[in-house]
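Tertiary structure, described
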Amino acid sequence: MNNQQTLTQKSTAKIGIVVADFNEIVTSRLLEGTLSELNHLGIQTKDIKVVHVPGAFELPRAAKRLMETELFDGIIALGAVIRGETSHYDYVCAETAKGLAELSLQGANPVMFGVLTTDNIEQALNRSGGKGGNKGRDCAQGVLQMINLDRRDFS
Ligand SMILES: Nc1c(NC[C@H](O)[C@H](O)[C@H](O)CO)[nH]c(=O)[nH]c1=O
Ligand SMILES: CC(=O)[C@@H](O)COP(=O)(O)O
């Protein structure tokens, strides 16, 4: 019995999802993969809240706002940062990852990093329902595993 089965058979969980609208052609596919997998693993749509932000840089703030409500057991952050001509890519990737990692470490709930950071659109499409899988689906599986870990008694 894997971690996801343990969680969904004995209890459920409330999941917050923050998704960036920038590169929406990619992030909509990530979101679909996340929602589909959460439903497949037994999480009902009524227990999922989706919040949209302009871009990946805004994901940490939105995730923090959801966490502060104390209504959710886990948070999934979805985005697609695709390299352009300037160094802006580096700053967006670094600060988004830093913000989400800090929130996951310091906050009450796990935060899954479902932000693609790619050199081109093809790489992003491949990882959002293409031959490279779907990072949103991976995060759905991972958030339930982390919630189950939070609920374990290690004594
Ligand atoms: N270039 C990408 C961005 N840029 C926008 C930032 O995320 C942010 O919204 C803006 O700097 C205002 O604060 N965002 C992505 O999600 N993906 C990109 O490729
Ligand atoms: C990741 C970005 O911010 C990037 O897409 C912006 O493109 P550019 O560096 O050409 O302005």
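- Per an unreviewed UniProt entry, the chain is named 6,7-dimethyl-8-ribityllumazine synthase, and its organism is Lentilactobacillus senioris DSM 24302 = JCM 17472.
- Word for word, the UniProt comment on the chain under Catalytic activity (unreviewed entry) is "(2S)-2-hydroxy-3-oxobutyl phosphate + 5-amino-6-(D-ribitylamino)uracil = 6,7-dimethyl-8-(1-D-ribityl)lumazine + phosphate + 2 H2O + H(+)".
- UniProt annotates the chain under Sequence similarities (unreviewed entry) with the comment "Belongs to the DMRL synthase family."

Comments concerning the layout of surface pockets
- Empty space within the largest pocket amounts to approximately 240 Å³.
- Together, 15 residues line the largest pocket, and F22, V81, I82, H88 and V92 are the ones closest to its centre.
- Listed by contribution, the elements that provide at least two residues to the lining of the largest pocket are β3 (74-82) and α4 (88-106).
- Class assignment for the residues of the lining of the largest pocket results in 8 nonpolar, 5 polar and 2 charged.

Overview of the pairing of strand β2 (residues 48-53)
- Pairing geometry for strand β1 (residues 15-20) and β2, over 6 bridges, is parallel. If you follow I15 over to β2, its bridge partner there is I48.

A closer look at the pattern of salt bridges
- In total, this model carries 7 salt bridges according to the counting rule given.
- Put simply, D47 and K14 hold a salt bridge, and the shortest N to O gap is 2.7 Å. Of this pair, D47 sits in the loop between α2 (24-40) and β2 while K14 sits in the loop between α1 (3-10) and β1; the two residues are 33 residues apart in sequence, bridging distant segments of the chain.
- Owing to a relative accessible area of 5%, D47 belongs among the buried residues under this scheme.
- Residue classification places K14 among the partly exposed residues on the basis of a relative accessible area of 38%.
- As a salt-bridge pair, K46 and D47 come within 3.3 Å of each other at their nearest N and O atoms.
- One continuous salt-bridge network, built from bridges that share partners, spans K14, K46 and D47.

About the thresholds
- Residues numbered from 1 in each chain as written.
- Chains lettered and ligands numbered in written order.
- Predicted model: local features only at pLDDT ≥ 70, side-chain atom pairs only at ≥ 80, totals over all residues.
- Heavy atoms only, no water.
- UniProt positions renumbered as here; feature names shortened; annotations may be inferred.
- 1 Å grid on protein atoms, 1.4 Å probe; cavity = no way out; pocket = protein on both sides within 12 Å on 5 of 7 lines; lining within 4 Å.
- Points joined across faces, edges and corners; volume = space filled by probe spheres on them.
- Helix = DSSP H or I, 4+ residues; strand = E, 2+ residues; numbered from the N terminus.
- Nonpolar A, V, L, I, M, F, W, Y, C, P; charged D, E, K, R; others polar.
- Pairing = 2+ DSSP bridges.
- Salt bridge = Lys/Arg side-chain N within 4 Å of Asp/Glu carboxyl O.
- Buried < 20%, exposed > 50% of the residue type's maximum accessible area, 1.4 Å probe, protein only.

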